[in-house]
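Residue strings, one per chain:
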Amino acid sequence: MIATLTTGDFIRRNGLIIAFAAILAIVALSAPTFLTVGNLLGVLRQIAIVGTIAVGVTFVVISGRLDLSVGSGLTFLSVLVVSQHNQIGPAGALAVTLCCGLLIGACNGFLVAYLRFDSLIATLAMLSLLQGVTIWYSGGANVNVADSTTWFSFFGRGSVLGIPAPVLLLVLGAAVAGFVLMRTRFGRAVFAVGGNETASIFSGIAAPRIVFATYLISGLATACAAIIMGSRVMGAQSTIGQGYELTVLAGIILGGTSLLGGYGSIWRTIVGVAMLGFIENGLILMGFPYYVQWLVTWAIVIMAVWIDLAAKRGRLLA
Amino acid sequence: MAGETILSIEGVSKNFPGVRALKDVSFDVRAGEVHALMGENGAGKSTLMKVLAGLYRPDGGRIMHKGEEVDIRTPLEARDRGILLIHQELSLSPELSVAENIFLGSWPTKGLGILNKRKLNSDAGRVLDALGCDFRPTTRVGTLSIARKQMVEIARAQAFNASVVIFDEPTASLTDTEKEKLFSIIADLKARNVGIVYISHKMNEIFEITDRVTVLRDGVLQGTVNTADATVETLTRMMIGRALDSFFTRARSNFGAEVLRVEGMAKKGLFENISFSVREGEVLGLYGLIGAGRSEVAETLFGVRRADAGRLFWKGGEIPFPTPRQAIDLGLCLAPESRKEQGLVIGMGGRENITLPHLGLFSRLGIMNRERETQVFTRYRETLEIKTTGPSQRVGNLSGGNQQKFVLAKWLCNKPRLLILDEPTRGIDVGSKSVIHALIAKLAEEGLAVIVISSEMPEVLGVSHRILTMSEGAFNGEFTGEAMTEENLIDAVSRHRESSSSRRARTAA
C-alpha cells in the first residue's frame, strides 16, 4: 500500500475554496463597484435570508431527506409575522411565528419520519398547502408593518458595529448549528441516519426521532428567515418566498453536501449560498438582466457536481 | 484437459488514490480449466477480476485475449469478447423479467426499437432449459431466490457464448443442494471448453472443483500452482505469509449463571416456538441454512423486529422484548449478518462507527468527547489488529475482515453481557477469521455469553460449546460434546426439511 496524492484528490479536498476564490476574483475584476463596503454588506444582507434557511435544511439533507416546503414556508411565515405584528405587537408576533415554523416542521417530520412518506412528496405537498394557507390567511393582499418605529425593524435593517443584523444572526445561527452538527450526539446521529439508516437503527439510534428533529430545525430556521425578511421589507406579500426552496437547495449542493445524506457541513452550505449570492450580485453589477442569474446558477450547479463526479472517478466522462 | 490460454494479463498494475491495489500481476486462464483466485481480503482479487471484466482499466501491463493484445474499456466490451463476471452482489434488475435480464442491453427487436418479446422469451427459455432451471423466462427477477438469480447470471453467460466466466464467491449464500447444482454447471461449462476463474475463500471448494490456484497478497502475485500439488497448508501460507496451526481455538470453561432465556418466542411466517437459554462463558452455536430463520431470531432478541409471542428472561428476571436501545443498555448486542447494510455506516470513520451505539457514554451534556472516542479507537485498532490509516478513514474503504473487526469493537467497547454474532466470518480472509475465532474463545473465557450463528459447519463445530440446529423457523436439534459432529448436524437440518417440504413451499422457492 503506497500512498499517492493525485490532482483529483487535491481538487476534491479544496475545490470549494478554490471555486469560491475564483468567482470572487472574476466578479471583482469585471465589476469595479463590487468591492465596495456598501455593496458587499448589501450582498451579505441578501445572503442572510437564504443562508438562514439553508442552515436548517442542511440538517434535513444530511439525514438523507429533502425539504422543499421552505419556499412557501418563508412566504407564509413572513405574512404571518407582519400581520401578527400589527395585531399583537412584535414580541407576540415573533413567538407565534417561531411556533408556526416548528409546527410546519413537525407536520413534515411526522409524515416523513413516522409515516415514512417520501420526503420529496411530503414536502412538495406542504409547499402547495402553505401557498393556499397564505392566500387564505392574507386574502392575497400585501401586508405592511403599520408602526414604523418598532424594534422589530432591527432584524432586517439594524446593525451592530456596522455589521448588518441579518448577517450577525446568520453567523450566530450557523455557528450554533455547526457546533450541534459536528460536536454533539444529535449531530452524530444525523450523519449516521443519513449515511446508513438501517445500521443506525442496529446501533440503537431512534432514527425516526432524529429525522423528525431535523424537520423541526428546518421549520425553525425558516421562521427565523421569515422574521428577517418581514423586518427587512417591513411588509410581506404572497409571492415573497417563491423559488427559495430551489435557491437553498442549489446553495447546499454547490457547497458539496450530498443529497444522498451522510455527508456535508454547515460551513459548506454557507460558502455555497455565499457563492450564489456573489454571482447574482456580480451579474447585476455587470448589467445583465435579473433572469440571467437563473441560467448561471443552473450552469454553476451542474459544473460543480460534474467536477465532483469527475474528481471521484478520475475522468470527465462516465 | 485444459487447453490453450484464452485470456491472460501480463504485468498489470492498478492504483487507486492512496492505494496500490495490483502490482505487476500476471495471470492466465486456459480453455476448459477452473482457475481459482485466492487471497485475503484486500489482496487485490476483486481488482484483478474487475480489470478482466472491463470495470477497471489497468494503469500498466497488458491484457491478451486469444493471442492478441486488447483494451477492454467497459463491461459491454468484455461481454462482446465473451468475458462475463458473475457478481458477488448480483447485478440484476429486480423489476425486469428473467429473459430481459439475460439479454440486458441487447434485446431482440422487431425494428424501430420495439421489443420482440416472443423471440426474447423463447431464446431465454432455450438457455434456461439447457441449464435445467425451474423458473420461466417471464418471471420477475425480484421474486427469485439468490441461487436462482445466480442461475440467471449464468444463463446470461451462456446466452453470450462466454469463453471466460468469472465467479466471485458464488457459494457465499447457497445451500448445499444449490451448491452441488452450481458445481455441476461449472463442470458442464468446463467440458465445453469455457475458461473459469473461481474466487473463493473456502478451501474445500478449491480442492473440489479447481485445476489451478493463483494466490495474491497485498496486490502482489504469490504464485500459481496446480491444485493437485497444493495443500490447505501451502495455500494458507501463500495467502498470509505464515502457517496457521489451527483455525479454531475452543476453550473449555465452567459456565456461569444464565444470562438469557427465551420461551416460546414466535413471529408469524418467520419462526415459531423458539426456546433456549445461554449462560455466562458459553458459546452457543446456531446452525442452519440460510433462510432457516436464524437471523430473524437474533434480530427479534435485539429488538429490530417485534415478536408475536414468547417470554424473555434476562439474568433470571422476566423482561419485555426490548428495543435496540434497551437491548444495548442491557448488554445484549448483535453483530448483524450484513456488515455494509446493517453493521456499519460505511461513509463514517472507524472511530465514529465504534462509538455509534454508545453516544451517551462518549458525551457530556450532549457534546461528544472526541479524545475519548479516539482513545477507544486506538485501543481496538491495536488489540484487534485492524488495518486502517486512522480514526477517520471511511470504513467503506476497508476490507471485509477489517470491517468486521470494527463491528466487533463497536460492541466490545462497552462490556456486553451477551454477544450475538451473525455469520461473523462470512466473506472474510483466513487471517481475520482466525483472529475472530480466537477472540470468541477469549471473550467466552472472560465470562461473556456468545451466540454464534453460522452456515459454515466447521466454524460452528469449531467455536461452540453447544449447538442448536434450526430449520424452517424452528429448532430441531441440540448437540453437545461428542454429539457435535458434521453428520449429526446435517442429519438434523435435512430431516426437518424433508418432512415439511410440501408444507412450506415458500422456503423452497
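About the criteria used
Chains are numbered independently. Their residues run from 1 in the order of the written sequence. By the order in which they are written, chains take letters starting at A while ligands take numbers starting at 1. Note on the predicted model: pLDDT of at least 70 is required for a residue's local features to be given, and 80 or more for side-chain atom pairs to be given and counted; whole-chain, interface and lining totals, by contrast, use all residues. Each side-chain value is worked out from all heavy atoms of the structure, with water and hydrogens disregarded. Secondary structure is summarised from DSSP: a helix means a run of H or I of at least four residues, a strand means a run of E of at least two, and numbering begins at the N terminus for each. C-alpha atoms define the radius of gyration, and 2.2 Å times the number of residues to the power 0.38 defines the globule rule. Pairs of residues are marked as contacts when any of their non-hydrogen atoms sit within 4.5 Å. What sets the accessible areas is the Shrake-Rupley method with a 1.4 Å probe; for residues, cover comes only from the shown protein chains. Neither His nor the chain ends is counted toward charge; the positive residues are Lys and Arg and the negative residues Asp and Glu. In this description, the location of a charge corresponds to atom NZ of lysine, CZ of arginine, CG of aspartate or CD of glutamate. Polar contacts here mean pairs of N or O atoms no more than 3.5 Å apart (in protein, one a potential hydrogen donor and the other a potential acceptor; neighbouring residues in sequence count only if both atoms are side-chain atoms). Whether two strands pair comes down to DSSP finding at least two bridges between them. Like-charged residues are merged into a patch within 9 Å and nonpolar side chains (Val, Leu, Ile, Met, Phe, Trp, Tyr) within 5 Å, provided each residue has over 30% relative accessible area and no salt bridge. By salt bridge we mean one thing: a side-chain nitrogen of Lys or Arg within 4 Å of a carboxyl oxygen of Asp or Glu. Partly exposed describes any residue whose relative accessible area lies between the buried limit of under 20% and the exposed limit of over 50%, with all areas from a 1.4 Å probe on protein chains only and scaled to the type maximum. What marks off one domain from the next here is an automatic or database domain assignment. All axes here are fitted lines through C-alpha atoms, helices being fitted over the stretch that makes contact, and every angle between N-to-C directions spans 0 to 180 degrees. Each of two parts loses accessible area, computed with a 1.4 Å probe, when they are put together; buried area is these two losses added. Amino acid classes used here: Ala, Val, Leu, Ile, Met, Phe, Trp, Tyr, Cys and Pro are nonpolar; Asp, Glu, Lys and Arg are charged; the rest, including Gly, are polar. Buried residues of nine kinds, namely Ala, Val, Leu, Ile, Met, Phe, Trp, Tyr and Cys, make up a nonpolar core once their side-chain atoms join them within 4.5 Å.

1. Quick word on the overall build of chain B
Part 1 of the reasoning: Looking only at helices and strands, chain B features 18 helices and 22 strands.
Part 2 of the reasoning: By the compact-globule yardstick of 23 Å for 509 residues, chain B fits well, its C-alpha radius of gyration being 24 Å.
Part 3 of the reasoning: Along the longest, intermediate and shortest principal axes, the C-alpha atoms of chain B span 70 × 50 × 50 Å.
Part 4 of the reasoning: A separation threshold of at least 6 residues defines the contact pool for chain B, and within that pool the share at least 24 residues apart is 66%.
Part 5 of the reasoning: Counting only carbon and sulfur atoms, one obtains 48% of the accessible surface of chain B, whose full area is about 21,500 Å².
Part 6 of the reasoning: Both charge centroids of chain B, one from 66 positive and one from 63 negative side chains, sit 5 Å from each other.

2. Brief notes about the side chain of Thr-210 of chain B
Residue and element names in this part refer to chain B.
Part 1 of the reasoning: Inspection of the secondary structure puts Thr-210 in the loop between helix 7 (203–209) and strand 9 (212–217).
Part 2 of the reasoning: In this structure the side chain of Thr-210 is engaged in a polar contact, spanning 2.7 Å, whose partner is the backbone oxygen of Ile-206.
Part 3 of the reasoning: At 3.0 Å, the side chain of Thr-210 forms a polar contact with the side chain of Thr-227.
Part 4 of the reasoning: Here Thr-210 is in contact with Val-34, Ala-36, Tyr-198, Glu-205 and Thr-227, once residues within four sequence places are set aside.

3. A short note on the pairing of strand 12 (residues 271–279) of chain B
Residues and elements named next belong to chain B.
Part 1 of the reasoning: Where strand 11 (residues 258–267) meets strand 12, six bridges bridge the pair, whose relative direction is antiparallel. By the bridge assignment, Glu-258 is partnered in strand 12 with Arg-279.
Part 2 of the reasoning: In textbook terms, the turn of a hairpin is the stretch between consecutive antiparallel strands, and for strand 11 and strand 12 this stretch comprises three residues, one of which, Gly-269, has a positive phi near 80 degrees.

4. Thoughts on the environment of Leu-128 of chain B
Part 1 of the reasoning: Here Leu-128 of chain B shows up in helix 4 (residues 117–131).
Part 2 of the reasoning: Along the sequence, Leu-128 of chain B and Gln-158 of chain B sit 30 residues apart, while their C-alpha atoms lie 9.2 Å from each other.

5. As for a nonpolar patch on the surface
Residues and elements named next belong to chain A.
Part 1 of the reasoning: Together, Phe-110, Tyr-114, Leu-115, Phe-117, Leu-120, Ile-121 and Leu-124 make up a nonpolar patch on the protein surface, roughly 650 Å² of accessible area in all.
Part 2 of the reasoning: At the level of secondary structure, the elements contributing two or more residues to the nonpolar patch comprise helix 4 (90–114) and helix 5 (119–138).
Part 3 of the reasoning: Ranked by the residues each element gives to the nonpolar patch, the list is headed by helix 5, at three residues.
Part 4 of the reasoning: Counting through the fold element by element, Phe-117 comes out in the loop between helix 4 and helix 5.
Part 5 of the reasoning: For Phe-117, a relative accessible area of 39% gives the class partly exposed.

6. As for the environment of Glu-472 of chain B
Residue and element names in this part refer to chain B.
Part 1 of the reasoning: Looking at the secondary structure, you find Glu-472 in the loop between strand 21 (466–471) and strand 22 (474–480).
Part 2 of the reasoning: Residue classification places Glu-472 among the buried positions, given a relative accessible area of 5%.
Part 3 of the reasoning: Separated by 89 residues in the primary sequence, Glu-472 and Thr-383 have C-alpha atoms spaced 38 Å apart.

7. Some words on the domain arrangement of chain B
Part 1 of the reasoning: Here chain B is described as being made up of domain 1 (5–240), domain 2 (244–331 + 415–509) and domain 3 (346–409).
Part 2 of the reasoning: Computed over C-alpha atoms, the centres of domain 1 of chain B and domain 2 of chain B are 33 Å apart.

8. Considering the sheet that holds strand 22 of chain B
Residue and element names in this part refer to chain B.
Part 1 of the reasoning: Reading across the sheet, the six strands line up as 16-19-20-13-21-22 and stay open at both edges, with mixed pairing between neighbours. Two strands close off the open sheet at either side, each with one partner strand: strand 16 (332–335) and strand 22. Averaged over all pairs of adjacent strands, the angle between their axes in this sheet comes to 20 degrees, without regard to strand direction.
Part 2 of the reasoning: Here strand 21 runs beside strand 22; their pairing, made up of six bridges, is antiparallel. Note on strand 22: the bridge partner recorded for Leu-468 is Glu-478.
Part 3 of the reasoning: Of the strands in this sheet, strand 16 and strand 19 (418–422) touch helix 14 (residues 400–412), which is tilted by about 175 degrees from strand 16.

9. Remarks on the sheet that holds strand 12 of chain B
Residue and element names in this part refer to chain B.
Part 1 of the reasoning: Across the sheet, four strands lie side by side as 12-11-14-15; this open sheet has antiparallel pairing. In this open sheet, the two strands that pair with only one neighbour each are strand 12 and strand 15 (317–319). Recorded for the sheet is a direction-independent mean angle of 20 degrees between the axes of neighbouring strands.
Part 2 of the reasoning: In the sheet, strand 11 pairs with strand 14 (residues 309–314) via five bridges, with the strands oriented antiparallel. For Val-262, the partnering residue across the bridge sits in strand 14 and is Leu-312.

10. A short note on the interface of chain A and chain B
Accessible area lost on assembly of the parts is the figure often given for the size of an interface.
Part 1 of the reasoning: Contacts between the two partners involve 23 residues from chain A, matched on the other side by 35 residues from chain B.
Part 2 of the reasoning: Both sides of the chain A and chain B interface together cover about 2,400 Å² of buried area, and 61% of this is carbon and sulfur.
Part 3 of the reasoning: Across the chain A-chain B interface, the total number found is one salt bridge.
Part 4 of the reasoning: Note that Glu-373 of chain B is salt-bridged to Arg-188 of chain A, the shortest N-O span being 2.6 Å.
Part 5 of the reasoning: Taken together, chain A and chain B are joined by eight residue pairs in polar contact (both at pLDDT 80 or more).
Part 6 of the reasoning: Counting residues per element, the ones that place at least two in the side of chain A that touches chain B are helix 7 (165–183), helix 8 (185–195) and helix 9 (197–201) of chain A.
Part 7 of the reasoning: Top element by residues in the side of chain A that touches chain B is helix 8 of chain A. It accounts for six residues.
Part 8 of the reasoning: Considered class by class, the residues forming the side of chain A that touches chain B number twelve nonpolar, seven polar and four charged.

11. Quick notes on the nonpolar core
Part 1 of the reasoning: Core analysis: the largest hydrophobic core is formed by 152 residues, its most contacted members being Leu-260, Phe-276, Leu-301, Leu-418, Ile-420 and Ile-451 of chain B.
Part 2 of the reasoning: Residue contributions to this core peak at 13 residues, all from helix 2 (residues 37–62) of chain A.
Part 3 of the reasoning: In this structure, this core is formed jointly by two domains, domain 2 (244–331 + 415–509) and domain 3 (346–409) of chain B, each of which donates at least three residues.
Part 4 of the reasoning: Not counting residues up to four positions away in its chain, the partners in contact with Leu-260 of chain B are Phe-276, Ser-277, Val-278, Leu-301, Leu-312, Phe-313, Trp-314 and Leu-418 of chain B.
Part 5 of the reasoning: One finds Val-127, Val-141, Val-152 and Ile-154 of chain B within the second-largest nonpolar core, a separate group that totals 37 residues.

12. Considerations on the pattern of salt bridges
Part 1 of the reasoning: Applying the stated criterion across every chain, the model contains 32 salt bridges over all chains.
Part 2 of the reasoning: Arg-116 of chain A serves as the salt-bridge partner of Glu-197 of chain A, at 3.4 Å between the closest nitrogen and oxygen. Here Glu-197 of chain A is found in helix 9, whereas its partner Arg-116 of chain A is found in the loop between helix 4 and helix 5, with 81 residues between them in sequence.
Part 3 of the reasoning: For Glu-197 of chain A, a relative accessible area of 19% translates into the label buried.
Part 4 of the reasoning: Among the ionic pairs, Asp-28 of chain B bridges to Arg-212 of chain B, the shortest N-O distance being 3.1 Å. Of the two residues, Asp-28 of chain B is situated in strand 2 (residues 19–30) and Arg-212 of chain B in strand 9; the sequence distance between them amounts to 184 residues. Both residues of the pair, Asp-28 of chain B and Arg-212 of chain B, belong to the buried class.

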